[in-house]
Each structure stands twice: as C-alpha cells, then as structure tokens.
Amino acid sequence: MTVRLYYQDPYVFHFRARVVASAACGDGFAVELDRTCFYPEGGGQPPDTGTLGGRLVLSVREEGTRVVHLVDGPLESDEVDGLVDEARRRDHMEHHTGQHLLSAAFLATLGTPTVSMHLGELDCTIDLTRPALSEDDAARVEDLVNRVIREDRSIRCFYPSLEELERLTLRKSPQVEENIRIVRVEGFDDSPCCGTHCPSTGRVGLVKVRRWEHYKGMTRVHFLCGGRALRDYQWKSAAVNRLAEKMSVKDQALEGRVMALLESHVELERAHRKLRAEMLTTGAPALLAAAKSLPDGTRLVLRRLPDGSTVEDLKTLADAVVREGRVVFAAGTASGKASLLFARSSDVTRDMAALLRACAGPAGGKGGGSPQLAQGGCPAERLDEVLATVERELGSSDS
Ligand SMILES: [Zn+2]
C-alpha cells in the first residue's frame, strides 16, 4: 500500500521515498514507492508528471491500494527524490475544484445535474442534462460560482461513517462502496471525489464559462479556471482592444460596429454581384457579333474572363449568350486554377459535357455536366490551350 502524501497536503511537490518495487514496463520502468506526492489518474483528474530519481515520470496509475509510477528509465538508488510538476498540478487542482463549484452552481441555480466531466490540457468540459442553456442562465451560474470563490469558503475532505454518509446530501452518488471520501465546500457542496483540491474556494481564483454546445441531447459546457481563465481573458482582451482601435470605437461598442459592418458587407456584395452581372450581360451582344462561324452556321463564342472572375460570372455570361440561337459558348477564368464553363443554345445538338472532356482532358483538366451545360477545370497555365482546342474541335466538326 502506498502512502498518499497528496491527501495530507496537496501543496507538497517535493518528497523523498523508498523504492518498493521496480520492473521494466513497455518503453520504461514501473516503479512503486512506500509513499508518493504523485497523483495517479482518477476521478476525472489527469495524472501528475515530474521526475523521480532524476528520471521523467511519464504517467502515474492506481493499482488497488498501490500507486505505480511509469518512469523513462531504471532508478539508480533505493531512496529517491520525487519532484512533481507544480504548475501542472496547481492547474489540475484549480480546475478540479472549479469543476465542483461549477457543477454545484448549475444544480443550485438551474436544478441541472452534471453527468460527466473532462479536464484536458486545453479544454475542460462538463455535460449537463439539459438540451439548451441561455446566456442569462450561464451568467447567473457563473456569478454564483465566482461569489463563492470570493467568499473564500473552506474546502475539506473527510471519510464519513456509513451512518454519517446517510445523513449527507451528496451532489452525486459515490462510485466506490467503502472508504468514501467526501469533498465539502463549506455550506455549498458535498461531493464524493478522490482527486486533489484547493483548501479553500479563493485558491481557484476565477471560473469562466467560455462557451457551450448541444451534445447528444445534452449541453456541453466549456470552462476554464484560475491561471488558465486569466490567460484566456488576456488574449481576448488584447484581441478586442486591437480590433476596437482599428475600428475607432470603444471596446463595448465593438460588437455593434462589427455587426453593422457585416450587414453592410452583405449589402455591398449583393450590389457588387448585380453590377457584375449587368456588366457581363451588356457585353454579350458584342461577343456574339464578333463570334466565329462554324461550318454548320453555328456561332462560337470563346472568352477568357479576367483573372479572379468567378464561376458565377461564367454562368451569367453563358446565360446571356446562349439565349440567342445557334451558338456554342466556351469560356474560362483563372484564379489559382482555371474554371471552365461550356454551354449551348437549345437548337444546337453538340454535347457540351463531351466537348469539355475532349478539350480539357489532354491539358490535364476534367469536368462534366449535361449536353446543354458543362463545368470543369484545368491548370491555369493551360487555359488558353483548352480554349484553342475548342475551336479546332468544332472547326473540324461537320455536325
Ligand atoms: Zn474532485
């Protein structure tokens, strides 16, 4: 049985211990000590890392009453110094304690229990048994949690007798049947848990709900605590300040300004599309007038639109041209790679999809569509070659 020093004082990160057992295990060595400050994975809290006798501790797990450390090489002595990665453990304690407070606040404020939690390196979440969450409700919960933090209530852990246990109102059911450890946030929450926690709520510093989403019929709430919540606030503040300065507004006015900008952007895009369409349509008669005549009397309009034009532009122009009878339209535009669009008037029998494949294929392009309208692409530098092939193909045709 390993003595778990982290239960006596979770703020001790350096200790000395005797090696009880050591054996090769996978890529490293599994080491058992008479006592340890290393917390093994459990209760949703990730394991500690650090060093043991100068070796890296890669992970720590619980095996019955023993704590097993996986280190990256053999230990050279029977007595070793252990050094827990303090920043990582403090972060876990802030988040684990913060999660207790947050789950208790969701239950107290909205009557919603937490069914699962995840404390990750980047993201911490709890899953709530409710299909949705309003901004107001999230803010009320967050207010309560942070009030409890500012009240700096004591947090203590104890092992009640079965009689005592029956009198307690626990936030969730214990997952073990004996040696049930209760974490009590004074006057706020009693919950069974085996993790390491801060000794008072003030040590959590801050709990921030970042966002939430619908997840398997429930609501998954993403949150951060303590130092990580502060860093999240720091980068967001910096981003808001930079944007507000760029737009010459106060930070509180930024959202309104961005919304107005998005609206005007949609308007401008609509107007821009309309103008482009008008411009392209206006140019259609000139294109038809300058069209080549094919042997069967059909006109061929070949056009390369300026770089940066869109497939939408090609379609608009095609519509305006093939409205006239006896015409085949083949056009392209290059922006990164080239887009192709072939179309014909309804009184021409030529298959546009087949024509596009025949012309673009040899130039490394491809495409498809119907006999009336086909669309495809080819390497930008071979667009002119593809359009020239159209003329050759149709010029030699006797259809
Ligand atoms: Zn806990």
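See the structure shown above.
Residues numbered from 1 in each chain as written. Predicted model: local features only at pLDDT ≥ 70, side-chain atom pairs only at ≥ 80, totals over all residues. Heavy atoms only, no water.

Novice: Sorry if this is basic, but what is going on with the sheet that holds strand 18 (residues 327–335) here?
Specialist: Strand order in this open sheet of six strands is 16-17-18-19-21-20, and the pairing throughout is mixed. One side of each edge strand has no neighbouring strand; the edge strands of this open sheet are strand 16 (292–293) and strand 20 (366–369). Across eight bridges, strand 18 lies against strand 19 (residues 337–344) in antiparallel orientation. Residue pairing across strands places Val 328 opposite Arg 344, the latter belonging to strand 19. Helix 8 (residues 352–360) contacts strand 18, strand 19, strand 20 and strand 21 (373–378) of the sheet and is inclined by roughly 145° relative to strand 19. (Pairing = 2+ DSSP bridges. Helix = DSSP H or I, 4+ residues; strand = E, 2+ residues; numbered from the N terminus. Contact = heavy atoms within 4.5 Å. Axes fitted to C-alpha atoms, helices over the stretch in contact; angles between N-to-C directions.)

Novice: I keep staring at the sheet that holds strand 3 (residues 28–33) and nothing clicks. Help me out?
Specialist: For sheets, the rule is that strands pair by backbone hydrogen bonds, running either parallel or antiparallel. Within the closed barrel, the six strands sit side by side as 2-3-7-6-5-8. Their pairing is antiparallel. Between one strand axis and the next, the sheet turns through 45° on average, direction left out of account. Here six bridges tie strand 6 (residues 55–63) to strand 7 (residues 66–71), and the two strands are oriented antiparallel to one another. Residue pairing across strands places Ser 59 opposite Leu 70, the latter belonging to strand 7.

Novice: Is there a simple way to think about the packing of aromatic side chains in this case?
Specialist: Two measures describe an aromatic ring pair: the distance that separates the ring centres and the angle between the ring planes. All chains considered together, the criterion is met by four aromatic pairs. Ring plane angle 65° and centroid distance 4.8 Å describe the contact between Tyr 6 and Tyr 7, whose orientation is recorded as edge-to-face. A relative accessible area of 2% means that Tyr 6 is categorised as buried. Ring geometry for Tyr 11 versus Phe 13: centroids 6.4 Å apart, planes at 90°, classification edge-to-face. Grouping residues by exposure puts Tyr 11 and Phe 13 together as buried. Ring pairing ties together the aromatic residues Tyr 6, Tyr 7 and Tyr 39, which thus form one cluster. One residue, Arg 203, lies across the ring of Tyr 11, its end atom 4.2 Å from the ring centre. (Phe/Tyr/Trp six-rings, centres within 6.5 Å; stacked < 30°, edge-to-face > 60°. Buried < 20%, exposed > 50% of the residue type's maximum accessible area, 1.4 Å probe, protein only. Lys NZ or Arg CZ within 6 Å of the ring centre and 35° of its normal.)

Novice: Would you take a moment to explain unusual backbone geometry for this structure?
Specialist: Excluding glycine, most residues fall at negative phi; most peptide bonds, likewise, are trans. Phi is positive for Lys 216, which is not a glycine, with a value near 50°. Tracing the backbone shows Lys 216 in the loop between strand 14 (207–215) and strand 15 (218–225). When its relative accessible area of 69% is taken as the criterion, Lys 216 is described as exposed. Of note in the backbone geometry, Ser 248 takes a positive phi value of approximately 55° without being a glycine. Looking at the secondary structure, you find Ser 248 in the loop between helix 5 (226–246) and helix 6 (254–289).

Novice: Looking at this structure, I do not really get the packing of helix 8 against helix 9 (residues 383–395). What am I missing?
Specialist: How two helices sit against one another is set out by the angle between their axes and by the gap between those axes. At their nearest, the axes of helix 8 and helix 9 sit 9 Å apart, and the two run at 120° to each other. Classified by the angle their axes make, helix 8 and helix 9 are oblique. Classified by chirality, the crossing of helix 9 by helix 8 is right-handed. On helix 9, the residues touching Leu 355, Ala 358, Cys 359 and Ala 360 of helix 8 are Val 386, Thr 389, Val 390, Glu 393 and Leu 394. Of the residues that constitute the contact of helix 8 with helix 9, the class distribution is seven nonpolar, one polar and one charged. (Parallel < 35°, antiparallel > 145°, perpendicular 65-115°, else oblique. Left-handed = near helix turned anticlockwise from the far one by under 90°. Nonpolar A, V, L, I, M, F, W, Y, C, P; charged D, E, K, R; others polar.)

Novice: In this structure, what is going on with the coordination of the zinc ion? I would like to understand it.
Specialist: Reference geometry at the metal: tetrahedral coordination by four donors gives ideal angles of 109.5 degrees; octahedral coordination by six donors gives 90 or 180 degrees. Distances from the zinc ion to its protein donors, His 96 (NE2), His 100 (NE2), Cys 193 (SG) and His 197 (NE2), fall within 2.0 to 2.2 Å. One way to put it: the four donor atoms around the zinc ion meet at angles of 94 to 121°, and that makes the site tetrahedral. On the primary sequence, the residues serving as donors to the zinc ion are separated as H-x3-H-x92-C-x3-H. On the criterion of sequence distance, the pair formed by His 96 in helix 2 (residues 86–110) and Cys 193 in the loop between strand 13 (189–192) and strand 14 is long-range, its members being 97 residues apart. When its relative accessible area of 10% is taken as the criterion, Cys 193 is described as buried. (Donors = N, O, S within 2.8 Å, 3.2 Å for Na, K, Ca; no water. Tetrahedral: all angles 85-135°; square planar, octahedral: opposite > 155°, others 65-115°.)

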